[in-house]
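Close look at the chain arrangement
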Amino acid sequence: MPPVRLEEFDDDVCLIYGIGNVGRQDDGLGWAFVDWLEAQGRCPNAQLQRNYQLLLEDAELISTKQRVLFIDATKDQEVTSFTLARAAPKMDFSFTSHAISIPAIMATCQQCFEHLPEVHVLAIRGFEFELEMGLTPAAQRNLDAATANLLSGELRL
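Residues numbered from 1 in each chain as written. Predicted model: local features only at pLDDT ≥ 70, side-chain atom pairs only at ≥ 80, totals over all residues. Heavy atoms only, no water.

What follows deals with the overall build of the protein chain. Assigned secondary structure in the protein chain consists of 4 helices and 5 strands. Tracing the protein chain from N to C terminus, the helices and strands come up as β-α-β-α-β-β-α-β-α. A compact globule built from 157 residues should have a C-alpha radius of gyration of about 15 Å, and the protein chain, at 15 Å, falls within 12% of that. Taking the principal axes of its C-alpha atoms as reference, the protein chain extends roughly 40 × 35 × 25 Å. Every one of the 157 residues in the protein chain was classed for burial, and the buried ones make up 47%. For the protein chain, restricting intrachain contacts to residue pairs at least 6 apart in sequence, the fraction spanning at least 24 positions comes to 76%. For the protein chain, the exposed surface amounts to about 8100 Å²; the carbon and sulfur share of it is 49%. (Helix = DSSP H or I, 4+ residues; strand = E, 2+ residues; numbered from the N terminus. Rg over C-alpha atoms; globule rule 2.2 N^0.38 Å. Buried < 20%, exposed > 50% of the residue type's maximum accessible area, 1.4 Å probe, protein only. Contact = heavy atoms within 4.5 Å. Areas by Shrake-Rupley, 256 points an atom, 1.4 Å probe, with all protein chains shown as cover.)

So, on to the side chain of Ser81. Summarising the element assignment, Ser81 is placed in the loop between strand E3 (67-74) and strand E4 (82-86). Take Ser81: its relative accessible area is 15%, and that puts it in the buried class. A polar side-chain atom of Ser81 sits 3.1 Å from a polar atom in the side chain of Asn142. Not counting the four nearest positions on each side in its chain, Ser81 is found in contact with Ala123, Ile124, Arg125, Asn142 and Ala145. (Polar contact = N/O pair within 3.5 Å; in protein donor to acceptor, adjacent residues only side chain to side chain.)

A few words on the pairing of E3. Residues in a regular strand point their side chains to alternate faces of the sheet. Most of E3 is tucked away, with 6 of its 8 residues classed as buried. Across 5 bridges, the pairing between strand E1 (residues 14-19) and E3 is parallel. In the strand pairing of E3, Ile16 is matched with Leu69. Bridge analysis of E3 against strand E5 (residues 118-125) gives 8 bridges, and the strand direction is parallel. Within the sheet, the bridge partner assigned to Arg67 lies in E5 and is Glu118. (Pairing = 2+ DSSP bridges.)

Counted under the stated rule, the structure contains 3 aromatic pairs. Taken together, a centroid distance of 5.3 Å and an interplanar angle of 55 degrees make the contact between Tyr17 and Phe70 tilted. Taken together, the residues span a long stretch of sequence, with Tyr17 in strand E1 and Phe70 in strand E3 at a distance of 53 residues. Both residues of the pair, Tyr17 and Phe70, count as buried. For the ring pair Trp31 and Tyr52, a centre distance of 5.1 Å and an interplane angle of 40 degrees mean the geometry is tilted. Placement of the pair is Trp31 in helix H1 (residues 29-40) and Tyr52 in the loop between strand E2 (47-51) and helix H2 (58-63), with a sequence separation of 21 residues. For Trp31, a relative accessible area of 15% puts it in the buried group. On the basis of relative accessibility, which here comes to 48%, the residue Tyr52 falls in the partly exposed class. Cation over ring: Arg67 sits above Phe9, and NZ or CZ is 5.6 Å from the ring centre. Over the aromatic face of Phe129 sits the side chain of Lys75, whose NZ or CZ is 4.8 Å from the ring centroid. (Phe/Tyr/Trp six-rings, centres within 6.5 Å; stacked < 30°, edge-to-face > 60°. Lys NZ or Arg CZ within 6 Å of the ring centre and 35° of its normal.)

Structural data, given as structure tokens:
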């Protein structure tokens, strides 16, 4: 697979969506990524979005896009710093909870709007998720590594 470059998302048919809660330490990694984009002037043509969690209504939002990049924190201990993966639609029961999954959003989009954008998920490893503002130093290092790799075009799916 060819590398994924951040510039590929700098278009009005693209959505960059940070998921998380900045009031819960490393859970704010998704928002921190979008903050970094804005501070660096990167992807000014893309639609930037921040939300605490995915909502069923996000199926309609992604139905209007050709390419989507979701950024979220992960607690997965197998992820040492970050991962970038292509997502696939899959209906699951998460649509009935407060934590609907990215595959369920995609499946809903495909079913209801007969469109499925190319979706990538950047999962950045977080460590602390308590009620406190600010990323931990380890999570900040992981965010820095992810952004550096995206800029260099070294990330491959």
